[in-house]
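Coordinates in review
One-letter residues, chain by chain:
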Amino acid sequence: MLKKTYYLHSYGCQMNLADSGILSAAMDRAGFSAVLDPADAGVIVINTCSVREKAEERALGRLTELSQLKRKHTCYVCAVGCMAQRMGDDILKRVPEVDFILGTERLFELPRLIAAKEEGNNGGTVIDTAMTDNLAFAEYPPVPDNPYSGLVTITRGCNNFCAYCIVPYLRGRERHRDPNTIVDEVNQLVERGVVEITLVGQNVNSYEFDNVNFPKLLKRVAAETDIERIRFITSHPKDLSDELIELFASEPKLMGHIHLPLQSGSDRILDRMFRRYTYDHYKGRVQKLREAKPDIALTTDLIVGFPSESEDEYNMTLDAVREIQYDAAFMFRYSVRSGTWAAKNLIDDIPEETKLARLQTLIDLQKDISALVNQREIGKTRTVLVDGTSRRDASIWKGKTEGNKTILIRSEQDIKGRIVPVTVLRADSWTLHGEIMA
């Protein structure tokens, strides 16, 4: 007999986490219960990522490892999401024990497909990676990321087709959800105790539905729900409007953090990446953001070693990082993703050792800048949503400031799930340390 339990692990971006929340809701509605140990699961699900080859290898390794549990008890092993969309049948060649391979738009159908297989209507592995414009997944209010914060998808897909990025080919063109549905979903999460939500899309700035753009959607969520804190991810610099920037100054529920990928400080490389903005345009948007909210936290994505990147162009990225002074950054060396425009049309001509050296220099620079930026937090009081305890010391509480910075707090009170004022006492490159105000 198949246990009515499931184990779900996600790799990759916030969109994958949001998809996992919706899939969890679908599994719960079908009578399955989530478990933390895959050995206790009747259904084992890996929600995969294809942004980089390393993410795919990690997912394949995990699938191989977990598939061994089929020798011990009856269970299904499932690969869903971006890698499943990209690789399809190839996953079965690598891990023949996999029972379901479902793409980015089909993974929400897993409970129905399991039921069909249990009834004997399907033999062998179920592989379905067809694309669809159907937004039926929205009927499942997502299970929150944690009891206090949740993810709400507002768009699916992407229209930007950056030269290096596989996402538009795996998730399809942009489809924007009805704002009424989004507001209802936020209200349902509030009823479950969630106090902070993150609106999620590959490019939230391009949201548009029946004359409701993204700033208007944010205003509706703030006005029509009792949610206390609002965040969003991810923004494309070419679509970052003055109307949205102004909200950071005027809407108290909107937290003071924005993730704004730069990718490169070189205009020529940005053009080859199909990013459709210049460094000067990007810098101008940052200036406007800091005028609207002087203490806004700014994070970014950066790629080094893109095809034909010269040493001077790489140094432009370093100069941009020095000039803008990011709070934190996700930094990568370029890797070829099969199916992208760059893979088909550009020669990967930067030696791997050069990429690695450039990446390490960038990481070291950003680490120093993050430490400097965080030192400026010392003495300030931030409102913190406490979401758990430190992994290293269970007696220390952990939370997020308005700027999405991790802060550790010593307190004998039980403050989990509360929003509390915390004074920052010290800081390093990655973490703040503070105490609750008397």
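Scroll up for the structure.
This report concerns the structure included in the present document.

About the criteria used
Residues numbered from 1 in each chain as written. Predicted model: local features only at pLDDT ≥ 70, side-chain atom pairs only at ≥ 80, totals over all residues. Heavy atoms only, no water. Helix = DSSP H or I, 4+ residues; strand = E, 2+ residues; numbered from the N terminus. Expected span 1.5 Å × (residues − 1). Buried < 20%, exposed > 50% of the residue type's maximum accessible area, 1.4 Å probe, protein only. Disulfide = S-S within 2.5 Å. Core = buried A, V, L, I, M, F, W, Y, C linked by side-chain atoms within 4.5 Å. Contact = heavy atoms within 4.5 Å. Polar contact = N/O pair within 3.5 Å; in protein donor to acceptor, adjacent residues only side chain to side chain. Pairing = 2+ DSSP bridges. Axes fitted to C-alpha atoms, helices over the stretch in contact; angles between N-to-C directions.

The terminal C-alpha atoms of helix α1 (residues 14-29) lie 23 Å apart, and with 16 residues this matches the ideal 22 Å at 1.5 Å per residue to within 8%. For α1, the tally of buried residues reaches twelve of 16 residues, placing the bulk of the element in the interior. Taken residue by residue, α1 has Met15, Asn16, Ala18, Asp19, Ser20, Gly21, Ile22, Leu23, Ser24, Ala25, Ala26 and Met27 as its buried positions. In the stretch just after α1, Gly31 is the one whose phi turns positive, near 95°.

We now examine the state of the cysteines. Tallied over the full model, the rule gives zero disulfides. Note on Cys75: no disulfide assigned, nearest cysteine sulfur contributed by Cys78 at a separation of 9.0 Å. A disulfide-free cysteine, Cys162 has its sulfur positioned 6.1 Å from the sulfur of Cys165, the nearest such atom. Judged by relative accessible area, which is 8%, Cys162 ranks as buried.

Here we take up the nonpolar core. If you look at the biggest cluster of nonpolar residues, it comprises 52 residues, and the most contacted ones within it are Ile197, Leu199, Phe214, Leu217, Val221 and Phe232. Ignoring any residue separated from it by four or fewer positions in sequence, one finds Ile197 in contact with Gly150, Val186, Leu189, Val221, Ile227, Arg229, Ile230 and Arg231.

What follows concerns the environment of Gly157. Within the element layout of this structure, Gly157 appears in the loop between β8 (155-156) and α6 (167-171). Taking relative accessible area as the criterion, Gly157 reaches 0% and is therefore assigned buried. Between the alpha carbons of Gly157 and Glu208 there is a distance of 13 Å; along the sequence they are 51 residues apart. Not counting chain neighbours up to four residues away, the residues in contact with Gly157 comprise Arg171, Gly172, Arg173, Glu174, Arg175 and Gln202.

This part is about the side chain of Asn146. Among the secondary structure elements, Asn146 is positioned in the loop between β6 (126-128) and β7 (149-153). Taking relative accessible area as the criterion, Asn146 reaches 18% and is therefore assigned buried. There is a polar contact of 2.7 Å between the side chain of Asn146 and the backbone nitrogen of Tyr148. Of note is the side chain of Asn146, whose polar atom sits 2.8 Å from the side chain of Ser149.

This part is about unusual backbone geometry. Residue Thr234 is reached from Ile233 by a cis peptide bond, and omega for that bond is 5°. Relative to the elements of secondary structure, Thr234 occurs in the loop between β13 (229-233) and α9 (242-250). In this structure, Phe274 is a non-glycine residue whose phi angle is positive, near 60°. For Phe274, the location among the structural elements is in the loop between α10 (267-272) and α11 (279-292). In this structure, Asn404 is a non-glycine residue whose phi angle is positive, near 65°.

Moving on: the side chain of Thr5. By secondary structure assignment, the location of Thr5 is in strand β1 (residues 5-10). Among the polar contacts made by the side chain of Thr5, one reaches the main-chain carbonyl oxygen of Asp40 at a distance of 2.8 Å. Discounting chain neighbours no more than four positions away, the residues touching Thr5 are Phe32, Ser33, Val35, Asp40, Ala41, Gly42 and Val43.

A few words on the sheet that holds strand β14 (residues 257-259). Read across the sheet, three strands follow the order β14-β15-β16 without closing on themselves; strand pairing throughout is parallel. Single-partner strands in this sheet number two, and they are β14 and β16 (328-333). The mean inter-strand angle of the sheet, taken between neighbouring strand axes irrespective of direction, is 10°. With three bridges joining them, β14 and strand β15 (residues 297-304) adopt parallel strand pairing. Within β15, the position partnered with Ile258 by the bridge is Leu298. Along the sheet, helix α14 (residues 352-375) contacts β15 and β16; its crossing angle with β16, the most-contacted strand, is approximately 175°.

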